[in-house]
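Breakdown of the fold
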Amino acid sequence: MTPGRRLLGYLLRYRRSFVVGFLCVIATASIGLASPWVLKHAVDDLHAGATADKFRFYAAALLGLAAAGGVFRFLMRRIIIGASRGIEYDLRNDFFAHLQRLDLGYFQRHRTGDLMSRATSDLSAVRSMVGPAVMYTATTSLTFVVALMLMISIDAWLTIIALVPLPFVTASVRYFGEAIHRRSEAIQQQLSEISAITQEMLSGVRVVRAYGQEPFEIERFRASNEVYFTRNRGLIRLQGVFNPIMGLLMGTSALLVLWLGSREVVAGRMTVGELVAFNAYLAMLAWPMIAFGWVTSLIQRGMASWKRMLEVFDTGPAVTDADATDAIPDVAAIRGEIEFRHLTLAFGDRVVLHDISATLPAGTTTAIVGGTGSGKSTLLSVLPRLHNPPPGTVFIDGVDVRHIRLAVLRGAIGFVPQEPFLFGASLSENIAFGWSQPPQDPDGVESAAAIARLDTDVRDFPKGYDTVIGERGITLSGGQKQRTAIARALAVDPKILVLDDALSAVDTYTEEEILRRLQGVMRQRTSLIVSHRISTARGADQILVLSGGRIVERGTHDDLVTRNGVYAELHRKQLLEEELAAS
Amino acid sequence: MHDEEVLGKAYDARLMRRLLEYLRPYRRQVGVAIAAIIGHSIFELAPPYLTKLVIDEYIPAGDLSGLGAVAVLFLVTLAGSFALEYVQTWTMQMTGQRIMFDLRMQVYRHLQRLDLRYYDRNPVGRLMTRVTTDVDVLNELFTSGVVSVFGDVFTLVGIMGVLIWLDWRLALIAFSVLPLIALITQWFRRHVRDSYRTVRTWIARINAYLQERITGMATVQLFRREARDFVEFDAIDRRHRDANVDSIFYYAVFYPAIELVSALAVALIIWIGGGWVLENTLTLGSLVAFIMYAQRFFRPIQDMSEKFNVLQGAMASSERIFALLDTPVEIVSGGSAPRNVDAASRNPPYVRRPGPSGSGDSPAAGPGAIAFENVTFAYVEGEPVLKDVSFRVEPGQRVALVGATGSGKTTIVNLLLRFYDVQQGRITIDGVDIRQMDLRELRSCVGLVLQDVHLFSGTIAGNIRLGNEDISDEAVRRAAEAVHAAGFIDRLPQGMATPVAERGATLSVGQKQLLSFARALAFDPRVLILDEATSSVDTETELLIRDALKVVMHGRTTIAIAHRLSTIQDMDRILVLHKGRLRESGTHQELLAQRGIYHRLYELQFQDRSAA
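These numbers were taken from a predicted model, which means no experiment stands behind them. (Residues numbered from 1 in each chain as written. Chains lettered and ligands numbered in written order. Predicted model: local features only at pLDDT ≥ 70, side-chain atom pairs only at ≥ 80, totals over all residues. Heavy atoms only, no water.)

**Here's the deal with the overall build of chain A**
From N to C terminus, chain A includes 20 helices and 10 strands. For 583 residues, the compact-globule estimate of 2.2 N^0.38 gives 25 Å, and chain A exceeds it by more than 25% at 36 Å. Expressed as a percentage of contacts within chain A between residues at least 6 apart in sequence, the contacts between residues at least 24 apart total 75%. For chain A, the separation between the mean place of its 60 positive charges and that of its 57 negative charges on side chains is 8 Å. (Helix = DSSP H or I, 4+ residues; strand = E, 2+ residues; numbered from the N terminus. Rg over C-alpha atoms; globule rule 2.2 N^0.38 Å. Contact = heavy atoms within 4.5 Å. Lys, Arg positive; Asp, Glu negative; His and termini not counted. Charge placed at Lys NZ, Arg CZ, Asp CG, Glu CD.)

**Things to note about the overall build of chain B**
Counting secondary structure elements, chain B contains 23 helices and 12 strands. Per-residue burial for chain B yields a buried fraction of 57% across its 612 residues. (Buried < 20%, exposed > 50% of the residue type's maximum accessible area, 1.4 Å probe, protein only.)

**Observations regarding the pattern of salt bridges**
Enumeration over the complete set of coordinates arrives at 54 salt bridges over all chains. The residue Asp-493 of chain A makes a salt bridge to Arg-525 of chain A at a minimum N-O spacing of 2.9 Å. Of this pair, Asp-493 of chain A sits in the loop between helix H16 (478-491) and strand S7 (496-500) while Arg-525 of chain A sits in the loop between helix H17 (508-522) and strand S8 (526-530); the two residues are 32 residues apart in sequence, bridging distant segments of the chain. You can call Asp-493 of chain A exposed: its relative accessible area is 54%. The class of Arg-525 of chain A is buried, set by a relative accessible area of 8%. One salt bridge in this structure joins Arg-392 of chain B and Glu-394 of chain B, with 3.2 Å as the shortest N-O distance. Classification of Arg-392 of chain B by relative accessible area gives partly exposed; the value is 45%. A single salt-bridge network, built from bridges that share partners, covers Arg-85, Glu-88 and Arg-92 of chain A together with Asp-237 of chain B. (Salt bridge = Lys/Arg side-chain N within 4 Å of Asp/Glu carboxyl O.)

**A word on the confidence of the model for chain B**
For residues with low pLDDT, the predicted coordinates do not support detailed interpretation. Residue and element names in this part refer to chain B. Across chain B, the average pLDDT comes to 83, with 89% of residues at or above 70. No element of chain B has a lower mean pLDDT than helix H13 (residues 341-345), which averages 39, and none a higher one than strand S1 (residues 370-378), which averages 93. Of the regions scoring below 50 in pLDDT, residues 336-364 engages in 52 contacts with residues more than four places distant in sequence or in other chains. (pLDDT = per-residue confidence, 0-100.)

**Brief notes about the environment of Ala-449 of chain A**
All names here are of chain A. By secondary structure assignment, the location of Ala-449 is in helix H14 (residues 442-451). With relative accessibility at 0%, the residue Ala-449 sits in the buried group. Remark: the alpha-carbon pair of Ala-449 and Arg-517, spanning 68 residues in sequence, is separated by 11 Å.

**What about the pairing of strand S2 (residues 384-393) of chain B?**
All names here are of chain B. Here S1 pairs with S2 via six bridges, running antiparallel. Bridged to Ile-370 within S2 is Val-393. Where S1 hands over to S2, the hairpin turn is made up of five residues, of which Gly-382 adopts a positive phi near 85°. (Pairing = 2+ DSSP bridges.)

**What about the nonpolar core?**
One broad rule of soluble globular proteins: the nonpolar side chains tend to lie buried together. Leu-111, Ile-464 and Phe-517 of chain B are the most contacted members of the largest nonpolar core, which totals 240 residues. Excluding anything up to four places from it in sequence, Phe-517 of chain B contacts Val-449, Val-483, Leu-530, Ile-545, Ala-548, Leu-549 and Val-552 of chain B. Counting residues in each nonpolar core, the second largest holds 124 residues, with Phe-95, Phe-107 and Leu-383 of chain A together with Val-199 of chain B among its members. (Core = buried A, V, L, I, M, F, W, Y, C linked by side-chain atoms within 4.5 Å.)

**With respect to the packing of aromatic side chains**
Enumeration over the complete set of coordinates arrives at 32 aromatic pairs over all chains. Judged by centre distance (5.1 Å) and plane angle (75°), the rings of Phe-421 of chain A and Phe-423 of chain A are edge-to-face. The class of Phe-423 of chain A is buried, set by a relative accessible area of 3%. Consider the rings of Tyr-598 of chain B and Tyr-602 of chain B, whose centres lie 6.4 Å apart with planes at 25°: the pair is stacked. Taken together, the positions of Tyr-598 of chain B and Tyr-602 of chain B, both in helix H23 (residues 597-611) and four residues apart, correspond to about one turn of that helix. You can call Tyr-598 of chain B buried: its relative accessible area is 0%. Residue Tyr-602 of chain B is classed as buried on the basis of its relative accessible area of 13%. Here the aromatic cluster, defined as three or more aromatic residues joined through ring pairs, consists of Tyr-10, Phe-95, Trp-306 and Phe-313 of chain A. When the ring centre of Phe-395 of chain A is taken as reference, the NZ or CZ atom of Arg-341 of chain A above it lies at 3.9 Å. (Phe/Tyr/Trp six-rings, centres within 6.5 Å; stacked < 30°, edge-to-face > 60°. Lys NZ or Arg CZ within 6 Å of the ring centre and 35° of its normal.)

**Some words on the domain arrangement of chain A**
Assigned domains within chain A: domain 1 (1-155 + 287-317), domain 2 (159-269) and domain 3 (424-493). Centre-to-centre, using C-alpha coordinates, domain 2 of chain A lies 55 Å away from domain 3 of chain A. (Domains from an automatic or database assignment.)

**Observations concerning the sheet that holds strand S5 (residues 432-433) of chain B**
Strand pairing in a sheet takes place through backbone hydrogen bonds and is either antiparallel or parallel in direction. Residue and element names in this part refer to chain B. Strand order in the open sheet made by the four strands is S2-S1-S4-S5, with antiparallel pairing throughout. Of all the strands in the sheet, the pair left with one neighbour each is S2 and S5. In the sheet, strand S4 (residues 424-429) pairs with S5 via two bridges, with the strands oriented antiparallel. Looking at S5, one finds that Ile-429 is bridged to Val-432.

**Quick word on the domain arrangement of chain B**
The assigned domain composition of chain B is domain 1 (2-325) and domain 2 (397-408 + 445-611). Between domain 1 of chain B and domain 2 of chain B, the C-alpha centre-to-centre distance is 58 Å.

**Considering the interface of chain B and chain A**
Taken together, the contact between chain B and chain A spans 134 residues of the former and 132 residues of the latter. The three residues of chain B that bury the most area against chain A are Tyr-108, Leu-222 and Phe-223 of chain B, which together make up 6% of that side's buried surface. Among the ionic pairs, Arg-92 of chain A bridges to Asp-237 of chain B, the shortest N-O distance being 3.2 Å. At the boundary of chain B and chain A, one finds 27 residue pairs in polar contact (both at pLDDT 80 or more). Broken down by element, the residue count for the side of chain B that touches chain A peaks at 30 residues, all from helix H11 (residues 226-278) of chain B. Its residues assigned to classes, the side of chain B that touches chain A comprises 77 nonpolar, 27 polar and 30 charged. (Buried area = accessible area lost by both parts, 1.4 Å probe. Polar contact = N/O pair within 3.5 Å; in protein donor to acceptor, adjacent residues only side chain to side chain. Nonpolar A, V, L, I, M, F, W, Y, C, P; charged D, E, K, R; others polar.)

Below is the structure:
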């Protein structure tokens, strides 16, 4: 389907509005065109000498026309622009819903700012195209055609004379329109250049200061600023000419009509009233001629923006329910046994996981240990299919995760990411984030918070669990954020609990406390814990040591310590660190 | 994001006065623009009057040559109008651009001087908005706002004058609708302002929600929040739509209402004026001219009402810009050498390093002895990161700072370069308190090599000499060769002239390190500060770096935050920082023998790397 047709689909939802709106456009334009006609009669009657009653009639007619025209103009604007706001609303909702279906990889490849600008400024350009642009196109073209016909009916020859400047108007609108567009783009480009220089300076401010580069940076900025100035001058030069030229061309029409028209009146081929009405119609033509150029640019920009939005709409989600079966119908049916079977995963050419095989029996705890970049987080992320594992590599209760519906799969997993993302809402809303309803009973929230050892902190918060966190509320410490994320994962009562280095910002004492409390709840769940602390891994049923995307050691804590490998070395260092912290 | 959206009042006398200050240097241009606007308004008044002349004088007389004369007169006003409009647009827009240029430079210069504390508090994105968007919003105020309001006012006054001159009785009748206009405009302005605010609030909510959900999409999906989030988003989106529909209402009422009043004026003119025409106390031409003027009368009123939002946005932007410009700079050059960046920037070329003939206490000329005396410092009040730290580094001595993360190593570097000022105690270079020195001289005698190498856009050579034109191509070359960077540079397609991609994306970590060594060497500082990178590089590069470091440190007082065992072993002395205090000091061997903190740190941080 062409982009235009896809947009049409959205327009059609409001077809009633558009039909009624167009009827109002017709009414508005016709009523507007009737006034000069009344004026013509009034002037002619005055010229001939009429009775005062007639003027009262003309005055009332003018007022009546204006009132009726006003009502239709009001309706026209309200209905058509209102519909465009409706379309904007539909599009934004659809856009958001589409984003929700896209996979993690997509958000890693695209900058948030870029997606935001498509949902805001691009959408607003599309809105201007389906609203104001449509409305003005309709009114102006209708006014143009009808006014022209009325002018011809008054005096065909004078109409042709009046239209002499028209080709020049069209030509200059086109010429200047394009040139102005080009120069505006160049200016926008230079503005990004200025932003880039500023960004570079701001992020490297230490180097700039240390090397005394301030004058140089200022000079660099000045040079860029000067180019910006020069480019703007080029645009102003055009704009400075464009507007007066339009005035000149329109004025020339008026001049020709007044000069030649009055000669017609003198020659008796035209009445004074007709001349006045003709002038009035000519004034009505001026606006459509200018508006066409403006509307064209609205449509061009709108289409460009719409295509940018379609790029997002056309990206299919990589993680879907396409292969889902009913092998596991709902969350309650999950026991929690996990198996990785020869799992190899690559991002592009970069292989991050090599032939990982492991079985995690239901209800056991597995710790994953390894250095930065060893693939620990990636291994966890395939389980809820944040990254899609290849078919036949990751199983829950013997069923390929790709065969489990996403809602069921993710509903069974309580995931605590490495850098927990909390939302700008109250603490209880954050903890109850995974609930299908906003939190009503405080028990669930509070018991989850207690296990995560957040309860003591909450007592100091101004509004307890109703305290808003984030930019508009209080700022949580790194450890508090992690503990909130743990509470959030526990609150969904998951069958499988995944902690991705979730206690790194928590002190050792608190960590042990949390682990002790977690032990109670972990007994009924399968747990996967990534940690850089041996103390966390120590109690696990099995420990997997990852290095370079491979499992290099596996076993229990005691096994691995005696083996004198990577794990044992890690263990030794940890003890040293503890000693250091104590000194 | 949120503070960007707050809208203050539309007119603030204090802000306005300060803004008008920027117009002062351009008062001639502003004068010309205003004169042009007045002239233009006068010319625009001509056509209805010419029409009157035609209808009253020349048509009844059948005077064709008179009609020709009117046409010529018409042509003259058209030409005059054309010229004056051009003059006005050109002078005013150019003045606007010049002011924006000045303002941008002013903001940027101030950013160069602001304390790093300010940078800690304000994210880069926010500061960028000041330099770009906020300044541009102000531009609109100068170009389309202030000046065209002048034009509108003159057109209004002009039309009123002509009407009174033509026929004062009919003029009074036409003016009788003005109170209605005032009421409608008042009503419109009040509601549009409120609904504009409401719309901005909801747009801000949409942006905030989108930003948050896009950033946290993984969490949303993990917790199956899609449906609930959609409901939440839909509610905000709907409120935004409704707020917009409300504002359409005001616009939809306003335009037809003004037009209705205009029609009322025309109807009154025809009704009453028509009677006078019949009584021969008014000419037909005057009546027609009246009708034409009445229709032109309402356009400027509409225009002015629409300027309101421009004014409001500009006030908000200027408030933010002025807040930045008013932020005081605390870290400035000491009294002995009052010089500042502003003055220097106007005098290129930028001779940065004073010659050896500098004054006696000039640090650049001194041998480079550094002393910390009982230094205490906190970024956040009540949480000191350095506590009573004292040490001396003799000229030419090489010292390593060692400690766990958060022990205060980087802070020492920050204080020595006066990115921050000490809160207690003092730091001296060659016996002079660094707070007494000229900032530029202080920093010119110190070379900084940071672990996160910051590359600027430009060429490889440009990244070595930075803005210092005194460093010749040859010197750049020598520096690159000395630190073994020449090897990889020569393999690049354009050698030294190869452009560096955004933040050096095409260079490896090791190559960037070597470049930063070349940079430090080219600047030839007395004191070298090195914050060594922790990231690992391949063995070959490791050896190159190790060798290059020796070259750079040669003959300089060096303070290094070291992460490589090789670097540590090359040092004359090692200072061990622990929890903000200086705990141990000595050579590598001495400290190892102590079996204290250093011993443990050594095993933790360095032993691995020695094996590699």
